[in-house]
Protein chains: 4
Amino acid sequence: MEERIKEACGVFGIYAPAGEQVANSVYYGLSSLQHRGQESCGIAVCDTKGPVGNMHVHRGMGLVNEVFKEENLRELKGNLGVGHVRYSTTGAAALNNAQPLVLHYIKGTLALAHNGNLVNTKELREELAKSGAIFQTTTDSEVIAYYIARERVNTRTVEEAILRTAEKIKGAYGLVIASPQKLIGVRDPLGLKPLCLGKRGEAYIFASESCALSAIGAEFVRDVRPGEIVTISEGQVFSNTELCQKQQAHCVFEYIYFARLDSKIDGVSVYESRLKAGEALAKVYPAEADMVAGVPDSGITAAQGYAKASGIPFGMAFYKNSYVGRTFIKPTQEERESSVRLKLSVLEQAVKGKNLVLVDDSIVRGTTIANLIRLLKQAGAGKVHVRISSPPFLYPCYYGTDVPSNKQLLAVSHSTEEIRRMIGADSLGYMKVEDLAAMAEGLPLCKACFDNRYPTEI
Amino acid sequence: MEERIKEACGVFGIYAPAGEQVANSVYYGLSSLQHRGQESCGIAVCDTKGPVGNMHVHRGMGLVNEVFKEENLRELKGNLGVGHVRYSTTGAAALNNAQPLVLHYIKGTLALAHNGNLVNTKELREELAKSGAIFQTTTDSEVIAYYIARERVNTRTVEEAILRTAEKIKGAYGLVIASPQKLIGVRDPLGLKPLCLGKRGEAYIFASESCALSAIGAEFVRDVRPGEIVTISEGQVFSNTELCQKQQAHCVFEYIYFARLDSKIDGVSVYESRLKAGEALAKVYPAEADMVAGVPDSGITAAQGYAKASGIPFGMAFYKNSYVGRTFIKPTQEERESSVRLKLSVLEQAVKGKNLVLVDDSIVRGTTIANLIRLLKQAGAGKVHVRISSPPFLYPCYYGTDVPSNKQLLAVSHSTEEIRRMIGADSLGYMKVEDLAAMAEGLPLCKACFDNRYPTEI
Amino acid sequence: MEERIKEACGVFGIYAPAGEQVANSVYYGLSSLQHRGQESCGIAVCDTKGPVGNMHVHRGMGLVNEVFKEENLRELKGNLGVGHVRYSTTGAAALNNAQPLVLHYIKGTLALAHNGNLVNTKELREELAKSGAIFQTTTDSEVIAYYIARERVNTRTVEEAILRTAEKIKGAYGLVIASPQKLIGVRDPLGLKPLCLGKRGEAYIFASESCALSAIGAEFVRDVRPGEIVTISEGQVFSNTELCQKQQAHCVFEYIYFARLDSKIDGVSVYESRLKAGEALAKVYPAEADMVAGVPDSGITAAQGYAKASGIPFGMAFYKNSYVGRTFIKPTQEERESSVRLKLSVLEQAVKGKNLVLVDDSIVRGTTIANLIRLLKQAGAGKVHVRISSPPFLYPCYYGTDVPSNKQLLAVSHSTEEIRRMIGADSLGYMKVEDLAAMAEGLPLCKACFDNRYPTEI
Amino acid sequence: MEERIKEACGVFGIYAPAGEQVANSVYYGLSSLQHRGQESCGIAVCDTKGPVGNMHVHRGMGLVNEVFKEENLRELKGNLGVGHVRYSTTGAAALNNAQPLVLHYIKGTLALAHNGNLVNTKELREELAKSGAIFQTTTDSEVIAYYIARERVNTRTVEEAILRTAEKIKGAYGLVIASPQKLIGVRDPLGLKPLCLGKRGEAYIFASESCALSAIGAEFVRDVRPGEIVTISEGQVFSNTELCQKQQAHCVFEYIYFARLDSKIDGVSVYESRLKAGEALAKVYPAEADMVAGVPDSGITAAQGYAKASGIPFGMAFYKNSYVGRTFIKPTQEERESSVRLKLSVLEQAVKGKNLVLVDDSIVRGTTIANLIRLLKQAGAGKVHVRISSPPFLYPCYYGTDVPSNKQLLAVSHSTEEIRRMIGADSLGYMKVEDLAAMAEGLPLCKACFDNRYPTEI
């Protein structure tokens, strides 16, 4: 189960009237964005009427409900807060890289949470280092923070400094920034990373996905526009669209896999896009089968779409043990137990004697799907036709998605027929690149991991 | 989400050839039985060729993957092991009551794991106390252990002592006992609690449910017969059936809710029984609707059965946030977030403008289902017809199921129509008591919580 | 620093008027007895006006201030409490053996804390096992508890049951027992283990040592007499002296090393007894030296006595790093750091060019003292005359003191001259067995570890 | 016991030949400097032959043996390491401020540990902020790191950059810096903070105090000169003395209280300086008494000096419970136990009927000494003459010592006679400011906290 493509981060921010406490809402918002990053998380909160520099922050390694206890939330006093969930490569420096970044600069204190990857970090970092900068993390986000601080020296407002910074940084970003009296949301001009705006009573909220708004009982106002800088100040919303542009390239993987089923991103329902992916698969790769099943949980909705379009009944083929989580001790190679079987078990009564269509969202190394097909056949399933609701991965992502290296991408070195044989499927069909557009209702997409056409210089 | 009926325990035992290490297999087995008890757990292991009294035990509060780290498993050396997962009322004594119970007695050391409740504990405990016994826990299991020790003084084998004990104890029990050189499984004569036997290579396994056998790669051999004492000794299986009897009464709630979907208990597939429950509901309470949905996860399969029998398409109405678990900080009454909404969110695109059948397995206090119906309607659903795959709870359980007290059971004091109104459903239908038999393929069932006909004296 | 003789336990009990909370006082009392046991500890408290069975207990591995947090103490509600600190051999069962033991028996609930070892445990345990008893720990204390429960069946009061039990158990014990409405202190007839009675306002207290009374602001009332059973009930003190006898044998090691310097046991000040030990050494083994120093902390007072009697000035030769404690990572054999040097460093200015008398309380394996002498000489000390304030250990202790096995006792296999050479001392003198009596003001002592004359059958 | 003057930090660095592992030596070194800071600590280690940027760091809140477990040390691989122990005001940002600071800059990675306080931080920080710097901590140390990074842009070596930085920063500092291939020690030109150089085999070591050298088996080479920059590179020692100057001002409080008894700082033995302080007190404030005692542990050595000079015998008046540490739950105002009595108890036999001289190193609020005098009198002591081995605190320290605010300094608002009455002493004498010089063998001292003559602008 180790082989998934991983999103790098989720961000959240809320600005409530002075006197209200927002730490718990950030906690609940982050819990709803937990699927975007499970390695570390953090919350920074300040009181907009409090003394200068009263930014409280708590960060830690682990899930939101592991890192935050009631006493931590109690200590995060204030009405303006930002939060972050993160996935990143592990290592000793991991806690150090946890966000939000809290920094003191010429104009006071600032907390910053960032989703995405820049493509010109190296140049920017070198430029800063040459003028004597020091870095305490290895993140892009510190580079962004630095530029904001530098620009702030010669600008009238923090928004201006952010605008100047946004002109310099290239790549993908959804940013939420709490400057002591303002909450600011920024999105990269291509719209690679999502960010939306919500409202609950007098409070305004930014979140990577709309599901975080519903979770805290806020209503969705709108998506932040690609390139837009939205500022919440004294209960009002200000928008700067100087960097907005025609060209857009929304990450297709948000729809295929990253985003939560109940989110709507840039006007497109994630749930519907996955249904449509299944429908498209049914049209391109029909199959004779008795039941359509999805690999839990990521393939379920596309399987329902396939079922609907094909007329073959949808059913559950697996039971998922939700207690087998992150901290579970995995069996070693020698042990007779297997990670896949401990996590997913076949519903024998549901599959015995049936020909199946099995839908999943992606194949990376192929070991999991191969295991599942073997388990289905052991349980008496007849033919197993595999349908994948994304095209084969062939190219790296530079915008913050953790695609494994080329060597681990099966599709780079093997034909579809070879993969079919390796995983033991009776047929195998991948989503076609040309069908992706329809899936997202015509939204301009970044599909570089499939077609090598990157929307920026690399 | 707090209002579920709770199972009390799950048990597991394995006896592998001397020299093999079984601690990890017990860990994986318990992980597969985790749904039967999440409060505490424990593993006891011994080496059948080791010195007398080499029984290693580790117990703790929490889930299996919280209580056991790799170093704990490493220290549990040996080829004979038993494990236990437990739900119980909380309190200071909780850890003290965690199982397996390990006790030293005249013939050496014995580890015991028990699922179920006795109905004559009070009398048995008094009898023991009168002769000077001391108790260090408040569990039935210690009473059982005591009787075994007493009987062992005058019997030739531990099986005999267990048989004498089984003649005295009344109620529900699935027991797994590791005596230093034997592994013994015992089931109450009515078969209230499940217990099955499996095999992997030379190793024999007992488990509360067959899913634990599949999880560790073992094959299902058979269910232990109600009243049977099965002994594994020197790689062979011995059976004592002196207490087997005609009358049987298998707990119906294993099929409705407790057991895992992929288990088969006493020859009946849990998955199929839930499908049938849904089918029966469709026949008795048809509805005009566009989609049948289940409350995740417990109502999903019955919903599929309803869909199949009614011809109305099955669909998902909710997204479940699996990160909202046991340690999650719940919102207070004053906060605008709600526990239900944080855990389950509506897939608006799936339900908008549709009339729905919503299937769940039970109603206890009714607050969760009422919240879900409200969320569905807010998301634009039309009518919501609720179907419950069990009859209304009316009577307490004395056999180890944690049914809330009468005051909390909505059905005790309210008519179905009143409940319908309270939860905001457009129609409401409960499974009929007379349909339960068909659901379990004619197996004799204990349905006392619905019909007040207890299979034993109370 | 690993080679000390270790005491097994300390006990504490307090009975305050109903309505008062005693958990914190037990915590402070145990902190003052921490030197008697650092492996595990526990507190059990009940409310004498509360419902039957309201005995709250918390036990854990580690020091008192590691095991108890404020929330633990808050949950231990009640006016009657007992506590225990323990040293024991490590192992998986350690937590299981932690005390106080809380047990439910025919007359309700009882908490028991025990210091000492019985010498007829094996027989008693067998007798119990033969009649069907089960044991959940491997402690003597459970055996004592069992006998009390058995006797209680046929006796009018718990004191009577304790009396009957005391007639059966042989060996060393200081017991504190909380029966729901009484606090009872019991001491073995030989007085091997200490126990005293104190008072603070309306509350009565039992403690292993008087230092625990001073710590909590209580005044010392008297020592419990050897063989006496003292009962606190309804604010009054009752005494049963049926088992008191002429023969007494107080453990000499309490004075030499175990007890705290500020305690007074059986009328003898520990501080003064150590001063006298040093004086005796000065008379028997005079030395020509410039300074008398003690090994911190155990040899300091005897060194002061030696200085006083000899006229040679007392001084500190070492600085002790108090941060090097239990959880400190010790250097491996290969590392250039040494445990001794990390813990104790020489005050070079104090010892350079001086001939020294170095006093310690005992030599076990001799490695520590050898290291210290080497460090002193490296720092420029001249002659180092070692004086030990106890005779050489030659025989095992059966009463609860953890004397290393014969093989590790240097004095068993080596003459004093050989030891002197091995440790690099210029002269070496051990306390004479015949001088021990004077040290304890004529109190009848158990000196079996030195002279093989055990006061009981073994 | 809360009222002590607190040192801010201790630093340590070691450079061993490539291939050796130094993490454990840093751990032991820090353990020996633990008295200089107990709030947080950290170790950074790199392999000088490893890839660029291989600096491993682990920091945490708490004592060295709480923060570092064996696995942490194992992961800190390398032959060049620096460590830090810290005391600081508590607060949410505490962990963030823990050192060593690890920073990435134009020339690679650098780890920095700093003891002391600058007096021109505010100006320096503003200067940096004006050019766009961001700060992630609130420490002086980050300011120093920043300047080094800035200067490094235009200098040939890191030593040069440090020299340029040292010209700018004013105040007190003992710095240890690990640049990937060099270990550098720097001391402020006045020598306010100590730093010394040691050697063990081929390895060189810097430490705040010489006791850390002895602890790890290294030999003392020399003190780093005030204003000197010492560089260890390729096994050789280089010295830059450009900033050395005539004026020096060594912190007198190192001798009075901060430094460990077995350290030698700038050629003066701490042990001897405290003996001399006691001797000076004996001459200026003689007393008629039977015994001289010190308050453990800080007053013991001065008490020995008083005893020696006065001819009155030295003795111990208190027993100190070493288990009452940082995490101990302190009694509330209402409880009858007292913090002082739990920590220190009177040796009644030692003081009863005696007139005493009681020596301590300082009085801050006076509550502890008042409590101790009361305990002594309750135990039967006659007169208690208090002698304090430092002059009264009257002025704040700007160089890194945590002197309480004026309001808490008893001596600011009370005469010596008033204080004597408040604490219940029979006489009271403070060290004279003019005697301090002799105590430190004529070393030029900073005594500003006593005489308001600060050696720098403030």
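Counting from 1, residues in each chain are numbered in the order their sequence is written. Note on labels: chains are lettered from A, ligands numbered from 1, in written order. Local features in this predicted model are restricted to residues whose pLDDT is 70 or higher, and side-chain atom pairs enter the listing and the counts only when it is 80 or higher, whereas totals over whole chains, interfaces and linings include all residues.

## Focus on the relation of the copies chain D and chain A
This is how the line gets drawn: When the copies are overlaid, the least-squares fit takes in C-alpha atoms only where the residue has pLDDT of at least 70 in both copies. With C-beta atoms placed from the backbone, a contact is any residue pair whose C-beta atoms sit within 7 Å.
With an axial shift of 0.0 Å and an RMSD of 0.0 Å, the rotation relating chain D to chain A amounts to 180 degrees. Given the turn and translation reported, the copies of this chain are related as if by a two-fold rotation axis. When C-alpha distances to the rotation axis are compared across chain D, the minimum falls at D:Ala133, with a value of 3.6 Å. A symmetric contact is evident, with 100% of the interface residues of chain D recurring at the interface of chain A.

## What about the domain arrangement of chain A?
Residues and elements named next belong to chain A. To keep it simple, the criterion reads: For each domain, the first and last residues come from an automatic or database assignment. As a working rule, the residues Ala, Val, Leu, Ile, Met, Phe, Trp, Tyr, Cys and Pro are called nonpolar, Asp, Glu, Lys and Arg charged, and the rest polar, with Gly in that last group.
Its domain assignment divides chain A into domain 1 (9-248) and domain 2 (272-322 + 333-440). Of note, the centres of domain 1 and domain 2, computed from C-alpha atoms alone, are 36 Å apart. Of the residues belonging to the side of domain 1 that touches domain 2, the class tally is four nonpolar, four polar and one charged.

## Details of the interface of chain D and chain A
Counted only if it meets this: For the purposes of this entry, the term helix denotes a DSSP run of H or I that reaches at least four residues, the term strand denotes a run of E that reaches at least two, and both are numbered from the N terminus.
Facing 21 residues of chain D, the contacting portion of chain A comprises 21 residues. Looking at the side of chain D that touches chain A, the elements that each hand over two or more residues are strand E3 (55-61), strand E5 (101-105), helix H4 (121-130) and helix H5 (140-152) of chain D. Partitioning the side of chain D that touches chain A into residue classes produces 13 nonpolar, five polar and three charged.

## A look at the sheet that holds strand E21 (residues 384-388) of chain D
Residue and element names in this part refer to chain D. Heads up, the rule is: Think of it this way: DSSP has to see at least two bridges between two strands before they count as a pair. Here the axes come from fitting lines to C-alpha atoms, over the contacting stretch only for helices, and the angles between their N-to-C directions go from 0 to 180 degrees.
Read from one edge to the other, the open sheet built from four strands follows the order E17-E20-E21-E22, with strand pairing classed as parallel. Since the sheet does not close on itself, it has two edges, and those belong to strand E17 (291-294) and strand E22 (427-430), each with one partner. Going across the sheet, the axis of each strand differs from the next one's by a mean of 20 degrees, ignoring polarity. Of the pairings in the sheet, the one linking E21 to E22 comprises four bridges and is parallel in character. In the sheet register, Val386 faces E22, and the bridge partner there is Leu428. The sheet contacts of helix H10 (residues 300-310) involve E17, strand E20 (356-360) and E21, and relative to E17 the element is tilted by about 160 degrees. In this fold helix H13 (residues 367-378) packs onto E20 and E21, with an angle of close to 150 degrees to the strand it touches most, E21.

## A few points about the sheet that holds strand E8 (residues 182-187) of chain C
The pairing of strands in a sheet happens through backbone hydrogen bonds and is either parallel or antiparallel. Residue and element names in this part refer to chain C. Strand order in the open sheet made by the six strands is E5-E6-E7-E8-E12-E13, with antiparallel pairing throughout. The open sheet has two edge strands with one neighbour each: strand E5 (101-105) and strand E13 (236-240). Within this sheet the neighbouring strands show an average axis-to-axis angle of 20 degrees, counted without direction. Sheet topology places E8 next to strand E12 (residues 229-233); five bridges connect them, and they run antiparallel. Paired with Gly185 across the bridge in E12 is Val230.

## Topic: unusual backbone geometry
The condition is simple: Put simply, a residue is buried when 20 or more other C-beta atoms lie within 10 Å of its own C-beta and exposed when 12 or fewer do; between those, it is partly exposed, and each C-beta is set from the backbone.
Cis geometry is adopted by the peptide bond preceding C:Asp297, which originates at C:Pro296 and carries an omega value of -15 degrees. Looking at the element boundaries, C:Asp297 is found in the loop between strand E17 (291-294) and helix H11 (300-310). The peptide bond linking D:Gln99 to D:Pro100 adopts the cis configuration, its omega dihedral lying at 0 degrees. If you trace the backbone, D:Pro100 turns up in the loop between strand E4 (80-86) and E5. At C:Asp266, a position not held by glycine, the phi torsion is positive, near 50 degrees. Relative to the assigned elements, C:Asp266 resides in the loop between strand E15 (264-265) and strand E16 (268-269). Its 20 C-beta neighbours within 10 Å are what place C:Asp266 among the buried residues. The phi dihedral of D:Asn452 falls on the positive side, at around 65 degrees, and the residue is not glycine. Considering the arrangement of structural elements, one finds D:Asn452 in the segment after helix H17 (448-451). The class for D:Asn452 is exposed, based on 10 C-beta atoms found within 10 Å.

## Some remarks on the confidence of the model for chain A
Stated formally: For every residue, the predictor assigns a confidence score, pLDDT, that lies between 0 and 100.
Looking at chain A as a whole, its pLDDT mean stands at 92, while 97% of the residues score no less than 70. Here the predicted complex scores 0.91 on pTM and 0.92 on ipTM.

## Concerning the relation of the copies chain C and chain D
Overlaying chain C with chain D gives an RMSD of 0.0 Å, the required rotation being 180 degrees about an axis along which the chain moves by 0.0 Å. Of the residues that chain C buries at the interface, 100% are likewise interface residues in chain D, meaning the two copies contact each other through the same surface.

## Points about the packing of helix H5 (residues 121-130) of chain C against helix H6 (residues 140-153) of chain C
All names here are of chain C. Operational definition: Small angles under 35 degrees read as roughly parallel and large ones over 145 as roughly antiparallel, with 65 to 115 read as roughly perpendicular and the rest as oblique. Each helix crossing is assigned a hand: it is left-handed if the near helix lies turned anticlockwise from the far helix by less than a right angle, otherwise right-handed if that turn is clockwise.
Where H5 meets H6, the closest approach of the two axes is 10 Å, and the angle between their N-to-C directions is 50 degrees. As summarised for this structure, H5 and H6 are arranged oblique, according to the angle between their axes. As for how H5 packs across H6, the hand of that crossing is left-handed. Taking contact as the criterion, the partners of Thr121, Leu124, Arg125 and Leu128 in H5 are, on H6, Asp140, Val143 and Tyr146.

## Re H5(C)
As a reminder of what qualifies: Working definition: the arc comes from the directions between the helix axis and the C-beta atoms, pointing outward to the latter.
Restricting attention to buried positions, one finds in H5(C) the residues C:Arg125, C:Leu128 and C:Ala129. With its buried residues spanning 100 degrees around the axis, H5(C) presents them on a single face. The exposed set on the far side of H5(C), more than 90 degrees from its buried face, consists of C:Glu126 and C:Lys130. Those residues of H5(C) hidden inside the fold are in contact with strand E5 (101-105) of chain B together with H6 of chain C. C:Gly132, located one to two residues past H5(C), shows a positive phi value of around 95 degrees.

## What to know about the interface of chain C and chain D
Chain C puts 46 residues into the contact, and the matching count from chain D is 46 residues. Mapped onto the side of chain C that touches chain D, the elements with two or more residues apiece are helix H1 (23-32), helix H3 (70-75), helix H8 (211-215), helix H10 (270-284), helix H12 (339-343), strand E19 (344-346) and helix H13 (348-351) of chain C. It is H1(C) that provides the largest number of residues to the side of chain C that touches chain D, a total of six residues. Among the residues forming the side of chain C that touches chain D, the class breakdown is 20 nonpolar, 17 polar and nine charged.

## Observations concerning the pairing of strand E1 (residues 9-15) of chain C
All names here are of chain C. Where burial is concerned, most of E1 is hidden: seven out of the seven residues are buried. Because side chains alternate across E1, one face comprises the buried residues Cys9, Val11, Gly13 and Tyr15, and the other comprises Gly10, Phe12 and Ile14, equally buried. When E1 meets strand E4 (residues 80-86), the two strands line up antiparallel, connected through seven bridges. Bridge pairing in E4 places Gly10 opposite Val85. Taken together, the four bridges between E1 and strand E10 (residues 203-207) define a ladder with antiparallel strand orientation. Across the sheet, the residue bridging to Phe12 is Ala207, located in E10.

## Focus: the pairing of strand E3 (residues 55-61) of chain B
Residues and elements named next belong to chain B. Within E3, five of the seven residues are buried, which leaves the element mostly enclosed by the surrounding structure. Where strand E2 (residues 40-46) and E3 come together, seven bridges link them in antiparallel fashion. Bridge assignment links Ile43 to a residue of E3, and that residue is His58.

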